[in-house]
Amino acid sequence: MAEELKSVATELPQALGSATLSQLEAMAETKKLFLTKVIWVHHWTQGLFSFRVERPRSLRFRSGEFVMIGLKDGDKPLLRAYSIASPSWEEHLEFFSVKVREGPLTSRLQHLDVGNYIFVSKKPVGTLIIDALKPGKRLFMVATGTGLAPFLSVLRDPETHEKFEEIIITHTVREQEELAYRNFLETEIHDDEIFGELLKDRFTYYPTVTRGEFQTRGRITNRIRSGEFAADIHLSNNRFNPITDRVMVCGSMAFNKEMAGMLEAHGLVEGHNNNPGSYVLERAFVG
Ligand code: A2P
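Quick caveat, the model's predicted, so the values are computed rather than measured.

Asker: A description of the site of the ligand should follow, citing residues and the corresponding values.
Answerer: Around the ligand, the neighbouring residues are T144, T172, V173, R174, T210, R211, R219, T221, S252, A254, F255 and E258. Residue V173 places a main-chain N or O atom 3.2 Å away from an oxygen atom belonging to the ligand. Taking R211, its side chain carries an N or O atom lying 2.6 Å from an oxygen atom of the ligand. When the free accessible area of the ligand is taken as 560 Å², the share hidden by the protein chains comes to 78%.

Next comes the structure, spelled out in structure tokens:
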């Protein structure tokens, strides 16, 4: 009996707000949220981690969308927007997060462990979806920090490969250690049974580091403007082509603004779910 009680009481440990499974279920029911179990946690650095939860059976989403996720906070859930990093066909949901010491949610979320439960909202939304882009030839996905998350989803959606001939992901971070998913994007995806073949000679991963040693240093915006990016990946022109190029942007507010300014100057037009364009953008949410 004592053992049983103990196992129920640890469904959500103290660092995550102590709650029993039945309390969490009751809150999820009242607030119309899913309650899902954590099945994998990976810490990249002191400030970055990823985790997976079981996918609620009835949750449907389009690759690139985000949901609200969170924990019990007293008598209500504390929720924040998180892009889903896994593709829409995957059986789990993956998230990529910063750990902020003073962050109301991430200061607690970073203690997640396998077997804990989190809330997930029922209606995924977002603009970083293939449907918000007009048909094109090349798809550029330009990210800073955890803005990479939605692109990990879009990259593994078969629709992306049907609609685009070439796919380029850029990821700009401060320090090399923050290049989360680097091994996945450089090596593992090429060894994947399905994507290895699909991406062969059609996919470029372009990481840049702004505050430490690395082979490609500096902000992606500066490297595009200077022509280094075009030269490095053998593009014939260092301007985006509004007829053939489509761009997805996800990062900090300042980064998004700067990228949007550059894209508009190159003749690209922002797309929306009900009105596709040549580029789309969304702020990387938490952090
Ligand atoms: P920098 O180190 O030059 O500020 P953060 O950790 O602050 O979210 O930033 C993530 C990465 O995004 C950093 O490498 C940062 O470069 C870069 N960055 C921030 N603002 C911009 C911007 N306006 N344009 C391009 N890159 C940016």
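That was the structure; now back to the text.
Asker: Tell me about the sheet that holds strand β4 (residues 76-83), and please be specific about residues and values.
Answerer: Spatially, six strands are ordered β4-β3-β6-β1-β2-β5 in an open sheet, and the strand pairing comes out antiparallel. At either end of the open sheet lies a strand with only one pairing partner, and these are β4 and β5 (92-98). The mean angle between the axes of side-by-side strands here comes to 40 degrees, regardless of whether they run parallel or antiparallel. Against the sheet, helix α2 (residues 21-30) makes contact with β1 (33-43), β3 (66-73), β4 and β6 (117-121), and its axis sits at roughly 120 degrees relative to β1, the strand it touches most.

Asker: Give a description of the layout of surface pockets that names residues and reports values.
Answerer: Of the pockets and cavities examined, the largest pocket occupies roughly 900 Å³. Lining the largest pocket we find 28 residues, and of these T144, G145, T172, R174 and S252 sit closest to its centre. Contributions of two or more residues to the lining of the largest pocket are made by β8 (166-173), α8 (220-226) and α10 (253-265). The greatest single-element share of the lining of the largest pocket, amounting to four residues, is contributed by α10. Taken together, the residues of the lining of the largest pocket break down into ten nonpolar, twelve polar and six charged. Taken as a whole, the second largest pocket spans an internal volume of roughly 330 Å³. If you trace the second largest pocket, you find 19 residues lining it, with R52, R156, Y181, F184 and E188 closest to the centre. Looking at the lining of the second largest pocket, the elements that each hand over two or more residues are β1, β5 and α6 (182-191). Ranked by residue count, the leading element in the lining of the second largest pocket is α6, at five residues. Within the lining of the second largest pocket, the residues separate by chemical class into eight nonpolar, four polar and seven charged.

Reading the values: rules and limits
- Residues numbered from 1 in each chain as written.
- Predicted model: local features only at pLDDT ≥ 70, side-chain atom pairs only at ≥ 80, totals over all residues.
- Heavy atoms only, no water.
- Near = heavy atom within 4 Å.
- Polar contact = N/O pair within 3.5 Å; in protein donor to acceptor, adjacent residues only side chain to side chain.
- Areas by Shrake-Rupley, 256 points an atom, 1.4 Å probe, with all protein chains shown as cover.
- Pairing = 2+ DSSP bridges.
- Helix = DSSP H or I, 4+ residues; strand = E, 2+ residues; numbered from the N terminus.
- Axes fitted to C-alpha atoms, helices over the stretch in contact; angles between N-to-C directions.
- Contact = heavy atoms within 4.5 Å.
- 1 Å grid on protein atoms, 1.4 Å probe; cavity = no way out; pocket = protein on both sides within 12 Å on 5 of 7 lines; lining within 4 Å.
- Points joined across faces, edges and corners; volume = space filled by probe spheres on them.
- Nonpolar A, V, L, I, M, F, W, Y, C, P; charged D, E, K, R; others polar.

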